Number of protein chains: 2
Amino acid sequence: MDQPHNGSSRRTFLGVAASATLLQVMTGVVPAHAAPAPTGLLRPPRRTGGGKTVAILGAGVSGVTAALKFIEAGYRVTILEAQGRIGGRSLTARRGDTITEVWADGSARTQTCRLDRGLYVNLGPARIPYHNQRVIGTCRKYRIPLEQYIMQSNANLYQTERLWGRAPVRSGQIANDVRGYVAEYAAAAVRKGLLDGELSEAQRARLLALLDEFGDLDAAGHDYRGSLRSGTARPPSVPRELERKDPLSLPDLLESAFWDTRYYWELDYHYQGSLFEPVGGMDMIVRRLASALPAGVITLNAPVHAIGLVEDGVRVAWKDADGEHAKTFDYCLSSIPVPVLRQRVDLQGFSADFGRAVAGLGFAPACKLGWQANRRFWESEKYQIYGGISWVEGETQQIWYPSTNYLSPDDKGVLLGAYCAYDSGLTFGDRPHDQRLKTARAAGARLHSEFADRSIVPERQGVSVAWHKVPFQLGAWAHWDHTISDHREWYESLINFQGNGTFMVIGDQVTPLPGWQEGAMMSAEWAFASVHGGRRPGRVSVQRAPNSRLVTTGR
Amino acid sequence: MDQPHNGSSRRTFLGVAASATLLQVMTGVVPAHAAPAPTGLLRPPRRTGGGKTVAILGAGVSGVTAALKFIEAGYRVTILEAQGRIGGRSLTARRGDTITEVWADGSARTQTCRLDRGLYVNLGPARIPYHNQRVIGTCRKYRIPLEQYIMQSNANLYQTERLWGRAPVRSGQIANDVRGYVAEYAAAAVRKGLLDGELSEAQRARLLALLDEFGDLDAAGHDYRGSLRSGTARPPSVPRELERKDPLSLPDLLESAFWDTRYYWELDYHYQGSLFEPVGGMDMIVRRLASALPAGVITLNAPVHAIGLVEDGVRVAWKDADGEHAKTFDYCLSSIPVPVLRQRVDLQGFSADFGRAVAGLGFAPACKLGWQANRRFWESEKYQIYGGISWVEGETQQIWYPSTNYLSPDDKGVLLGAYCAYDSGLTFGDRPHDQRLKTARAAGARLHSEFADRSIVPERQGVSVAWHKVPFQLGAWAHWDHTISDHREWYESLINFQGNGTFMVIGDQVTPLPGWQEGAMMSAEWAFASVHGGRRPGRVSVQRAPNSRLVTTGR
């Protein structure tokens, strides 16, 4: 059984002596290697927030989650949100919503979402893996209904310009034919006694039996001659039995290099079933959490431009509808994305290593594009697709079908027409919105002719975002490279306190789960445990930085 | 793209000459090999039912589907249903429903379903594969909401008494570790040039690259050292990166013989995703179809005891609340399960080969057991299971978790505690209900300690069915063995007309999809096309009987 996450209810009293030690650690007096293990809390809490003030910068998932914890513990919380809405990257676009990007030439370009009322598209996080128990626990606690997100269906398609007459091939046929060939090769190795010494003869016989099942091999020769798993050649009828479809040839499969898409994504830790999505849109979570906050906690349109570590806390300066403000809080938690912190915020009194981290950490470029379809053509008898992802070459790479409202009576639905990150995210994001639509439409039309029809997929009902161009976001997630030692140092700087235990960076950016709401909640928990719970003194050290590519793209 | 099923709208006029030919074929005058291809219709229809009468025996999915077609075409339809309810094996049990079995000693044993109001369990068909387009098209047409049925989650469990300290192991860990080892063996074969001659050096390099992705191999040596796909050793935290879990050893995996459960079921044609279930219970389909029939079409509690092929049609005798009846209909379609036909119905005027088929065809034994859980413990942080099937040794074999109402506020749910067919279905079915519960509880408790707690899984809220003991059913599906030539002959007899084109057997029993509602609807379509559409004359022949085990158990 998996172990539960560190949700212990043990709290601790962080007395003056401990604070002094903490300060020593913060200032480097106690060597890091002398610090005790990073996780765990010292002893049950005896203090409450006692009216101490906390500024939380950013009303995204981490900020709102942290606010609820601190308020419950008796702190007075102020959330300053730079944008005119809560949620940050947890963005569900609905009719009338606007998305603004600022381009390299300084121009601001704003789209208005024109989906029909009742439709929506998740432009940020869109999936909740079953092991993201902080998010799922939150949904349970706040009664946020979840439905399954379908990552893959055998009816999904893969298309390449190089093979099969450019016709889309069923994703399930690829998967099952590959299984067959792989099992056939493995059986040949077993029969030849390769990798021997490892297995007894009886074990080899069992392995062959397993391979027959694994790949649906012909048991006599342990070879692959096609499988009903890959579908029927023709639909069965009363007098016509189920005839298996001929397998794709191995040379063709190899030539296609289908796995260079993220074809096997669904096997990865974060994309394995079960996956969830909230009914009605991903922002249901952050909205529900925010609605649980007392009125007045959040100030929107309040970008922070200076943070100073001062004797009695953290001095924060911001501007909002009422004008300029500056106030000293006992604590400050900043979920401001590091590139925004670097670009827009004057930092005073922070350590040099913290400064290096802020100067160094980059965020990943990523784009999403969704649009309305006036016919759920993919659910027709022709395609039989009910959720999942189809794969196509080029920047747009993937097309998601809705995992909800199947066979909807209004016959409308929203397709995710592109999702690309890193290199292809940069390229795609550098296209103006109309060119993004054009690129995505051309890719979609290679899978579904209906995609070319503007009466079915109307131009004006497409919406796109390049997260790295969105002000106050400047990227989709923190790009941590676990192989780079600078990254390790930056990460360590960012997950530890600044000041006299008064300032902390929060958000998925400072967790091993960049890009995931689970990370945002993990960070809020960590910050709360650190400030209120009395984390054991000592600078927390880490072995390596997180691996952002692995947890976002699966590679 | 898959071809659509044979739903052509071409109809034909079956004139006197054609009828005469048909009669000749029926009586054997025209040799079967001279008969034209079995599928397809001759030409567009010009006649309507013109008030001709049709008796449909059985108000299950095939009967009700056929009734709608014939009524729409102008026939007068009477459905005679032996039981006190419609639906046949499409049975969803809810509070107050009763299930009666008749045992070998002649005793009738009746259970009353005691699930809490609002809960239900599908005791017959429970899944709709995406390619079952007749069923899905029906749900679209009649606005029957569908939701995804989840066949498999990586969080599901497998447990064996022989290994791993009898602890359940995550199904996803088995799947991914096996993928790794299989890919490693395959890579060894590729590097040794086994199965060579087939691939060029460049292709072999590509195959190795594919195998690295396929199995998450270490790219340097193409060997398997474990994968994050199999889960994390410990939950990640802010300072703790994602650590992959150690792989299960190949010898242990082989020793477990995990694949002797139906572990790879989810790969099979009928069990691949996407799969659906109707919101609210499988019987929503047959109920909705029945509600579209004019009032008075269905007579319940009207078992037929004689069917005679007579000059001017088919004479049917039955008994209902009003007493004995006998009436001659122009046509008769019987969905009565063949073992029931054999046991209870006096057949007059049928051909000898039809008689042999009725005497010979057996139905498969199968049992299901469901019960209420007062806590959705499997959805807790401890288990993280949201749908899918866990596997356990012994008769009960599998435990299904609900694919609906996740994190339900009332925290109740229905588990399928056993589903077994053929040998294990016989053994399990021969246990009295309380012993079935005992067996299933013991199996469940090996996966979840909560299963042993009667306050969580109350004894009285369990319900079971052995379909082979249910009167008027006598089995779960027709057992066709495609390797037996007698079965081929029986199948051919049953799918063709009897009488002067007046009598036909219908139901999933006479399709290549025994046990599937898609088969029931296919059969209704076939019967309608045969009677009304004017199927081309000639006895329809088949190559082989269906393969019931394959389409029901996957083997």
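Just so you know, these numbers come straight off a predicted model, no measurement behind them.

A separate point is the overall build of chain A. Along the backbone of chain A there are 14 helices and 25 strands. By the compact-globule yardstick of 24 Å for 555 residues, chain A fits well, its C-alpha radius of gyration being 26 Å. Along the three orthogonal principal directions, the C-alpha set of chain A runs to about 85 × 65 × 40 Å. Counting across all 555 residues of chain A, residues that qualify as buried make up 61%. Intrachain contacts of chain A at a sequence separation of at least 6 include 71% that bridge at least 24 residues. Carbon and sulfur atoms make up 49% of the accessible area of chain A, which amounts to about 19,900 Å² in all. Of the side-chain charges in chain A, 63 are positive and 56 negative, and the distance between the mean point of each set is 6 Å.

On to the interface of chain A and chain B. Contact residues are listed per partner, giving 107 residues for chain A and 107 residues for chain B. Across the chain A to chain B interface the summed buried area is about 9,600 Å²; carbon plus sulfur atoms make up 65%. Summed over the shared surface of chain A and chain B, the number is 24 residue pairs in polar contact (both at pLDDT 80 or more). Only helix 3 (133-141), strand 8 (146-148), helix 4 (171-191), helix 5 (201-215), helix 6 (250-256), helix 12 (485-495), helix 13 (517-531) and helix 14 (548-553) of chain A provide two or more residues apiece to the side of chain A that touches chain B.

Quick look at the relation of the copies chain A and chain B now. Copy one and copy two of the chain differ by a rotation about a common axis and a shift along it. After a rotation of 180° and a shift along the axis of 0.0 Å, chain A superposes on chain B with an RMSD of 0.0 Å. Accordingly, the operation relating the two chain copies is best matched by a two-fold axis. Within chain A, A186 of chain A has its C-alpha nearest the rotation axis, a separation of 1.9 Å. By residue overlap, the copies meet face to face through one surface: 100% of the interface positions of chain A are interface positions in chain B.

The subject of this paragraph is the sheet that holds strand 15 (residues 323-329) of chain B. All names here are of chain B. Strands sit in the order 15-14-13-17 across an open sheet of four strands; the sheet is mixed. Two strands close off the open sheet at either side, each with one partner strand: strand 15 and strand 17 (346-348). Shown here is a sheet whose adjacent strand axes are inclined to one another by a mean of 10°, direction ignored.

Moving on to the pattern of salt bridges. All names here are of chain A. In this structure the tally under the stated criterion is 49 salt bridges over all chains. Note that K382 is salt-bridged to E450, the shortest N-O span being 3.3 Å. Taken as a pair, K382 in the loop between strand 19 (366-373) and strand 20 (388-392) and E450 in the loop between helix 11 (433-447) and strand 23 (462-466) lie far apart in primary sequence, 68 residues in all. Residue E450 is classed as buried on the basis of its relative accessible area, which comes to 10%. One connected set of salt bridges, linked through shared partners, spans D353, R488, E492 and R539.

All names here are of chain A. With respect to the helices and strands, V304 occurs in strand 13 (residues 304-310). Under the relative-accessibility criterion, V304 is labelled buried at 9%. With 218 residues separating them in the primary sequence, V304 and M522 have C-alpha atoms 24 Å apart. If sequence neighbours within four positions are ignored, V304 has contacts with L57, L80, V316, A317, W318, I336, R344 and V345.

Turning our eyes to something else, we now look at the packing of aromatic side chains. Tallied over the entire structure, the rule returns 61 aromatic pairs over all chains. Where W371 of chain B meets F451 of chain B, the ring centres are 5.7 Å apart and the plane angle is 45°; that geometry is what we call tilted. Taken together, the positions of W371 of chain B in strand 19 (residues 366-373) and F451 of chain B in the loop between helix 11 (433-447) and strand 23 (462-466) put the pair 80 residues apart, joining distant regions of the chain. Cluster of aromatic residues (ring-pair linked, three or more members): Y158, F214, F258, W259, Y263 and Y264 of chain A together with Y158, F214, F258, W259, Y263 and Y264 of chain B. In this structure, K368 of chain A packs its charged tip against the face of Y419 of chain A, placed 4.5 Å from the ring centre.

Moving on: the environment of Q498 of chain A. All names here are of chain A. Checked against the element boundaries, Q498 lands in the loop between helix 12 and strand 25 (503-505). Sequence-wise, Q498 and R375 are 123 residues apart; in three dimensions their C-alpha atoms are separated by 54 Å. Apart from residues no more than four positions distant in its own chain, Q498 is found in contact with L309, F350, S351, F354 and F503. Only 2.8 Å separates the side chain of Q498 from the backbone nitrogen of S351, close enough to count as a polar contact.

Right, let's get into the sheet that holds strand 8 of chain A. One open sheet holds the three strands; their spatial order is 7-11-8 (chain A), and the pairing between them is antiparallel. The two strands at the open ends of the sheet, each matched to only one other strand, are strand 7 (128-129) and strand 8 of chain A.

This paragraph deals with helix 11 of chain A. Because an α-helix completes one turn every 3.6 residues, residues spaced three or four positions apart along the sequence face the same direction. With 15 residues, helix 11 of chain A should cover 21 Å at 1.5 Å per step; its first-to-last C-alpha distance of 21 Å lies within 8% of that length. Residues of helix 11 of chain A that are buried include every one of R436, L437, A440, R441, A443, G444 and L447 of chain A, and no others.

Moving on, we come to unusual backbone geometry. Generally, phi is negative for residues other than glycine and the peptide bonds are trans, each holding for most cases. With an omega of 0°, the peptide bond running from G273 of chain A to S274 of chain A counts as cis. Along the chain, S274 of chain A turns up in the loop between helix 6 and strand 11 (275-278). Backbone geometry at R166 of chain A places phi at a positive 65°, although glycine is not the residue there. Following the sequence through the fold, R166 of chain A ends up in the loop between strand 9 (157-159) and strand 10 (169-170). Of note in the backbone geometry, A257 of chain B takes a positive phi value of approximately 50° without being a glycine. Tracing the chain through its elements places A257 of chain B in the loop between helix 6 (250-256) and strand 11 (275-278).

What follows covers the confidence of the model for chain A. Residues and elements named next belong to chain A. In the predicted model, chain A carries a mean pLDDT of 91, and 91% of its residues have values of at least 70. Ignoring residues within four places in sequence, the model shows residues 1-46, a span with pLDDT below 50, making 90 contacts including any to other chains. Model confidence for the complex is summarised by a pTM of 0.91, with the ipTM given as 0.91.

With that out of the way, let us pick up the pairing of strand 4 (residues 98-102) of chain A. Residue and element names in this part refer to chain A. Here strand 4 shows a buried face lined by I99 and E101 and an unburied face lined by T98, T100 and V102. In this sheet, strand 5 (residues 108-112) lies alongside strand 4 in antiparallel orientation, the contact comprising five bridges. Counted as the bridge partner of E101 is R109 from strand 5. Where strand 4 folds back on strand 5, the antiparallel hairpin that results is connected by five residues, among which G106 adopts a positive phi of roughly 85°.

Criteria and cut-off values
- Here the residue index of a chain counts from 1 through its sequence in written order.
- Written order determines the labels here, with chains lettered from A and ligands numbered from 1.
- With the structure being a predicted model, the display of local features is reserved for residues of pLDDT at least 70 and the display and counting of side-chain atom pairs for 80 or more, all residues being used for whole-chain, interface and lining totals.
- Remark: hydrogens and water are excluded; side-chain values derive from all non-hydrogen atoms of the structure.
- Helix and strand assignments follow DSSP, with helices taken as H or I runs no shorter than four residues and strands as E runs no shorter than two, numbered in order from the N terminus.
- Our radius of gyration looks at C-alpha atoms and nothing else; its globule reference is 2.2 Å times the residue count to the power 0.38.
- The cut-offs for exposure are 20% and 50% of the maximum accessible area for each residue type, with area from a 1.4 Å probe on protein chains only; residues under the lower value are buried, those over the upper are exposed, and the others partly exposed.
- In what follows, a contact means two residues having at least one pair of non-hydrogen atoms within 4.5 Å.
- Per-residue and other accessible areas were derived by the Shrake-Rupley procedure at a 1.4 Å probe size, with only the shown protein chains allowed to occlude residues.
- Positive charge is attributed to Lys and Arg, negative charge to Asp and Glu, and no charge count is given to His or to the chain ends.
- Charged groups are reduced to one reference atom each: NZ for lysine, CZ for arginine, CG for aspartic acid, CD for glutamic acid.
- The term buried area refers to how much accessible surface (probe radius 1.4 Å) is lost by two components on association, counted for both of them together.
- In the analysis that follows, any N or O atom pair within 3.5 Å is treated as a polar contact, provided that within protein one partner can donate a hydrogen and the other can accept it, and provided that, for residues neighboring in sequence, both atoms belong to side chains.
- Least-squares superposition of the copies uses the C-alpha atoms of those residues scoring a pLDDT of at least 70 in each of them.
- Being paired, for any two strands, means DSSP has found at least two bridges between them.
- Angles shown run from 0 to 180 degrees and are taken between the N-to-C directions of axes, each axis being a line fitted to C-alpha atoms and, for helices, limited to the stretch in contact.
- In what follows, salt bridge is the name for a side-chain nitrogen of Lys or Arg lying within 4 Å of a carboxyl oxygen of Asp or Glu.
- Two rings from Phe, Tyr or Trp (for Trp, the six-membered ring) form a pair when their centres are within 6.5 Å of each other. A pair whose planes differ by under 30 degrees is stacked, one over 60 is edge-to-face, and the rest are tilted.
- Counted as over-ring charges are cases with an Arg CZ or a Lys NZ within 6 Å of the ring centre that also lie within 35 degrees of the ring normal.
- A helix's residues, less one, multiplied by 1.5 Å, set its expected span.
- Every residue gets a pLDDT, meaning the predictor's confidence in that residue, from 0 to 100.

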